[in-house]
Amino acid sequence: MERPRLVATDLDGTLLRSDGTLSDRTAQVLVAVEEAGIEVVFVTARPPRWLDALADAVAGHGTVICGNGAFVYDVGARTVLSANGFEEVVVRSLVADVRAAVPDVAFAAERASGLWFEAGFAHDPLHPVPEDAVEAPIEQLAGEPVGKLLARSRSLPAADFLERVSEVVGERASFAYSGAGGLAEINAAGVTKAVVLERWAAELGIGPEHVWAFGDMPNDLPMLVWAGVGWAVANAHPDVVAAADAHCGANDEDGVARALEPLVAQ
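Keep in mind the model is a prediction, meaning the values are calculated, not measured.

A.B. asks: Please clarify how the sheet that holds strand E12 (residues 211-215) should be interpreted in this entry.
C.D. replies: Backbone hydrogen bonds hold the strands of a sheet together, and the pairing may be parallel or antiparallel. The eight strands lie next to each other as E5-E4-E3-E2-E1-E12-E13-E14, forming an open sheet whose pairing is mixed. For this open sheet the edge positions go to strand E5 (79-83) and strand E14 (246-248), each flanked by a neighbour on one side alone. Strand-to-strand, the axes of this sheet are offset by a mean angle of 25°, without reference to chain direction. The pairing of strand E2 (residues 39-43) with strand E3 (residues 63-66) spans two bridges and is parallel. In the strand pairing of E3, Val43 is matched with Ile65. Here helix H8 (residues 255-264) sits on the sheet and contacts strand E1 (6-9), E12, strand E13 (229-233) and E14; the angle it forms with E12, its principal contact strand, is near 160°.

A.B. asks: I'm lost on the packing of helix H2 (residues 24-35) against H8 in this one. Help?
C.D. replies: Helix-helix packing is described using two parameters, namely the angle between the two axes and the distance between the axes. Running from N to C, H2 and H8 cross one another at 35°; their axes reach a closest spacing of 9 Å. Note that H2 runs across H8; the crossing there is left-handed. Residues Arg25, Thr26, Val29, Leu30, Ala32 and Val33 of H2 pack against Ala257, Arg258, Leu260, Glu261 and Val264 of H8.

Cut-offs used in this document
- Residues numbered from 1 in each chain as written.
- Predicted model: local features only at pLDDT ≥ 70, side-chain atom pairs only at ≥ 80, totals over all residues.
- Heavy atoms only, no water.
- Pairing = 2+ DSSP bridges.
- Helix = DSSP H or I, 4+ residues; strand = E, 2+ residues; numbered from the N terminus.
- Axes fitted to C-alpha atoms, helices over the stretch in contact; angles between N-to-C directions.
- Contact = heavy atoms within 4.5 Å.
- Left-handed = near helix turned anticlockwise from the far one by under 90°.

As structure tokens, this is what we get:
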């Protein structure tokens, strides 16, 4: 297998353990890979506000592609470098149509300035709602593009809800599922992890044939298919396992680190 020039990895369920932590072994391997001259970049569904705790683990450039491609974030500077968001008219159309199909839906929106959410939206218990978050109906959004629109149903089973939202969204936006319960994740049309990663790699003069990408869930599939070598961790979704070029150990077994260690073996 040809030595990569760039390693791109998902975080939750892939690089991080199930409790959300980064093992010492994995952290050390990431440093060693960077020191060996191989770029490392995190590509995650997480919003910028969930990344500051991982600042010490990010490669020297400090860049993370997050929100499924909605944002490019400088963790060290805590600054959104670029955003790939929705037009307000598209957000309003999607919200109206999803609400008509699922009356009990609750929405939230990740923006460069932070979180906007509706009453009744179920938050991740591991990530407290920030003090500067705005609580109001999603229809009142104005003045700033939405990077990622989030939706949850309070009654429909997760699989049914996700299928229904995907059908409603259609080609108007990019629909993704990263494994967070019944959370539907909606990005602007054409915005995926792969699209933004490709753009970032091109700025470094790196083509897909020189990229190893690691992931575990369907939202990682475009990135894994684009990369020269797409890796699935052992705990990955069956669709990811089937599509991957290579396989490594589970996230709780430092699978990514084990796959990268031969690159830096003395």
